[in-house]
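# Structural description and commentary
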Amino acid sequence: TSEISATYAESMEHLGRLDALSTLTVRQRDDVARRYGDTDNLVVIPNPVELPPVPEPRPARQAGRIVVIARLHSQKRLDLAVDAFAVLARTHPEAHLDVYGSGPEREALERQVAGHDLDDRVTFHGHVASAADELWGADVAWLTSAFEGYSLFLLEARARECPVVSFDVPYGPREQITDGVDGVLVPFGDIEALAAATAELLDAPTRLDAMRAPARAGAAAHGHE
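Report on the accompanying structure.

## Considerations on the layout of surface pockets
- The calculated volume of the largest pocket comes to roughly 920 Å³.
- Looking at the largest pocket, it is lined by 25 residues, and the ones nearest its centre are Tyr8, Met12, Gln28, Val32 and Tyr171.
- Sort the elements by how many residues they give to the lining of the largest pocket and helix H2 (residues 26-36) lands first, with six residues.
- Each residue belonging to the lining of the largest pocket can be placed in one class, and the counts come to ten nonpolar, ten polar and five charged.
- Each pocket or cavity is described by its volume, and for the second largest pocket that value is around 360 Å³.
- In terms of lining residues, the second largest pocket is bounded by 24 residues, among which Ile69, Ala70, Arg71, Lys76 and Phe153 are the most central.
- Among the secondary structure elements, those contributing two or more residues to the lining of the second largest pocket are strand S3 (65-69), strand S6 (140-143) and helix H5 (152-159).
- Looking at the lining of the second largest pocket element by element, the count peaks at three residues for H5.
- Tallied by class, residues from the lining of the second largest pocket come to twelve nonpolar, eight polar and four charged.

Set out below in structure tokens:
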């Protein structure tokens, strides 16, 4: 029952005029049906990912390195990522947060980092065309968005054997991540849970490494074929 943006309103309110409306997940399709009526023109087609080859030699993973790739926009809630990292940083001096992406919130986020006295522990790299390949050298990735459609970032991270600790938001994280097997889901906005789940993985590298192959296999299941 939330407000609908003008971008979507015309399509959603005139579903009967469409040959088909493609959603990215079954949950999304079901929510459309709950709101506008269950019709026979709702189909589900998830985002695909092109599985990258494993580099040889494999890049060394930097212990405690957390990577986020996102627009610096309010939807991505990187303010929560910074606050969660501030919690994690108290107990894990090796941890470092690398953020790739540009957007209108950069200055505010940099001020927030400075307020936590974490300038040497959090790096904003801006837009980097090859940012996805940085995930080969990360220990874990974070997804802190308030909402997603399906999140290509999740697919890109998992394809590079980088487990994701993610807020459990609509849509995508729950459809991709098997909690505790190839990543971790925590309640949206719970920075303490995000920090704690990450700390548990960093403190148990064998468990973390065991998640890497299943994460890539899960991404492979979302290939074009």
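## As for the packing of H5 against helix H9 (residues 212-220)
- One can describe the packing of H5 onto H9 by two numbers: an axis separation of 7 Å at closest approach and a directional angle of 130°. Of the possible angle classes, the one that applies to H5 and H9 is oblique. Viewed along their axes, H5 and H9 form a crossing whose handedness is left-handed. For the pair formed by H5 and H9, the contact residues are Leu155, Arg158 and Ala159 on the first element and Ala215, Arg216, Gly218 and Ala219 on the second.
- When grouped by side-chain class, the residues that make up the contact of H5 with H9 number four nonpolar, one polar and two charged.

## Looking at the pairing of S3
- S3 sits mainly inside the fold: four of its five residues count as buried.
- With five bridges joining them, S3 and strand S4 (residues 96-100) adopt parallel strand pairing. The partner of Arg65 across the bridge, within S4, is His96.
- In the classification by handedness, the crossover that spans S3, the intervening helix H3 (residues 78-89) and the parallel S4 is right-handed.
- As defined by bridge partners, S3 adjoins S6 across two bridges and the pair is classed as parallel. Note that in S6 the partner of Ile66 across the bridge is Val140.

## A word on the sheet that holds strand S5 (residues 122-126)
- What the six strands build is an open sheet, ordered S5-S4-S3-S6-S7-S8; its pairing is parallel. Every other strand in the sheet has two partners, leaving S5 and strand S8 (183-186) as the edge strands with one partner each. Between one strand and the next, the sheet's axes are offset by a mean angle of 20°, whatever the strand orientation.

Rules behind the numbers
- Residues numbered from 1 in each chain as written.
- Predicted model: local features only at pLDDT ≥ 70, side-chain atom pairs only at ≥ 80, totals over all residues.
- Heavy atoms only, no water.
- 1 Å grid on protein atoms, 1.4 Å probe; cavity = no way out; pocket = protein on both sides within 12 Å on 5 of 7 lines; lining within 4 Å.
- Points joined across faces, edges and corners; volume = space filled by probe spheres on them.
- Helix = DSSP H or I, 4+ residues; strand = E, 2+ residues; numbered from the N terminus.
- Nonpolar A, V, L, I, M, F, W, Y, C, P; charged D, E, K, R; others polar.
- Axes fitted to C-alpha atoms, helices over the stretch in contact; angles between N-to-C directions.
- Parallel < 35°, antiparallel > 145°, perpendicular 65-115°, else oblique.
- Left-handed = near helix turned anticlockwise from the far one by under 90°.
- Contact = heavy atoms within 4.5 Å.
- Buried < 20%, exposed > 50% of the residue type's maximum accessible area, 1.4 Å probe, protein only.
- Pairing = 2+ DSSP bridges.
- Right-handed = clockwise from strand over helix to strand, strands pointing away.

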